[in-house]
Amino acid sequence: MSGWPAPAGLGDDPDRLYTVTRGRSRAPENAFDLVTLIVAEGEPVPGMQSELARILRICAAPTAVVEIAADLGMPVSVVKILLGDLLEAGRITARHPRFSPARRPGAARLPDLDTLKQVLHGLQQL
């Protein structure tokens, strides 16, 4: 052990995490991964679960799922469940960088994977 104190939330009692997720152990299928960007579609409302309200505040600007988990000090799996609740309620928008608006027809496109591999190979040969 490093002797450093764990960030708030990381040492949470499993019972608390069970309560926060209302007993659920899985997020919606394929809804989020670590780099999915989350954007709040509004402010927290009175009576909202505190963790959901914190997520909305964190996501006033686009924020990756992994960053949200770090800010909350909770496991990513728990955060994904909470994000699923917010997505279902229409309180957030989720965007994966791979499917960003730049991928629309006529918009600037990212290079394909084969091109990137060729560039990497060329750089390694230098």
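What you see as residue numbers is a count from 1 along each chain, following the sequence as written. Owing to the predicted nature of the model, reporting of local features is limited to residues with pLDDT of at least 70; listing and counting of side-chain atom pairs is limited to 80 or more, with chain, interface and lining totals taken over all residues. Derived side-chain values reflect all non-hydrogen atoms in the structure, with water molecules and hydrogen atoms excluded from consideration.

## Describing the nonpolar core
Phase 1: Within the largest apolar cluster, 18 residues are counted, with the highest numbers of intra-cluster contacts made by Ile38, Ile55, Ile68, Val79, Leu83 and Ile92.
Phase 2: We count a stretch as a helix when DSSP gives it H or I for four or more residues in a row; a strand needs E for two or more, and each element gets its number in order from the N terminus. Counting residues per element, the ones that place at least two in this core are strand E1 (37–40), helix H2 (50–58), helix H3 (65–72) and helix H4 (76–88).
Phase 3: Counting residues per element, this core draws most heavily on H4, at five residues. Among buried residues, those of type Ala, Val, Leu, Ile, Met, Phe, Trp, Tyr and Cys that are joined through side-chain atoms within 4.5 Å constitute a nonpolar core. Three exposure classes are used, based on accessible area relative to the maximum for each residue type with a 1.4 Å probe and protein chains only: buried under 20%, partly exposed in between, and exposed over 50%.

## Details of the sheet that holds strand E3 (residues 92–95)
Phase 1: One requirement defines pairing of two strands: DSSP has to find at least two bridges between them. Overall, antiparallel pairing links the three strands, which are arranged E2-E1-E3 in an open sheet. The sheet terminates laterally at strand E2 (63–64) and E3, the two strands that pair on one side only.
Phase 2: The sheet contact formed by E1 and E2 spans two bridges and is antiparallel. In the sheet register, leucine 37 faces E2, and the bridge partner there is alanine 64.

## Focus on the packing of H3 against H4
Phase 1: Two numbers describe how H3 lies on H4: the axes approach to 9 Å, and their chain directions differ by 110 degrees. Viewed along their axes, H3 and H4 adopt a mutual orientation that is roughly perpendicular. Contact residues: H3 offers Val65, Ile68, Ala69 and Leu72, while H4 offers Val76, Val79, Lys80 and Leu83.
Phase 2: A class-by-class count of the residues in the contact of H3 with H4 yields seven nonpolar, no polar and one charged. Only C-alpha atoms enter the line fits that serve as axes; for helices the fit covers just the stretch in contact. Angles between N-to-C directions range over 0 to 180 degrees. When an angle is under 35 degrees it counts as roughly parallel; over 145 it counts as roughly antiparallel; between 65 and 115 it counts as roughly perpendicular; any other value is oblique. Whether two residues are in contact is decided by their heavy atoms, any of which lying within 4.5 Å being enough. Only Asp, Glu, Lys and Arg are considered charged in this grouping, and only Ala, Val, Leu, Ile, Met, Phe, Trp, Tyr, Cys and Pro are considered nonpolar; every other residue, Gly among them, is considered polar.

## Focus: a nonpolar patch on the surface
Phase 1: Taken together, the side chains of Leu34, Val35 and Val66 make up a nonpolar region of the molecular surface, amounting to roughly 230 Å² of accessible area.
Phase 2: You can see leucine 34 is positioned in the loop between helix H1 (14–20) and E1. Exposure above 30% relative accessible area and the lack of any salt bridge qualify a residue for a patch; like charges then connect within 9 Å, and the nonpolar side chains Val, Leu, Ile, Met, Phe, Trp and Tyr within 5 Å. Surface accessibility follows the Shrake-Rupley procedure with a 1.4 Å probe radius. Residue values consider only the protein chains on display as shielding. For this analysis, a salt bridge means a side-chain nitrogen from Lys or Arg found within 4 Å of a carboxyl oxygen belonging to Asp or Glu.

## What to know about the packing of H2 against H4
Phase 1: Their axes nearest at 10 Å, the elements H2 and H4 cross at an angle of 75 degrees. Relative to H4, the element H2 lies roughly perpendicular. Taking contact as the criterion, the partners of Glu51, Leu52, Ile55 and Leu56 in H2 are, on H4, Leu82, Leu83 and Leu86.

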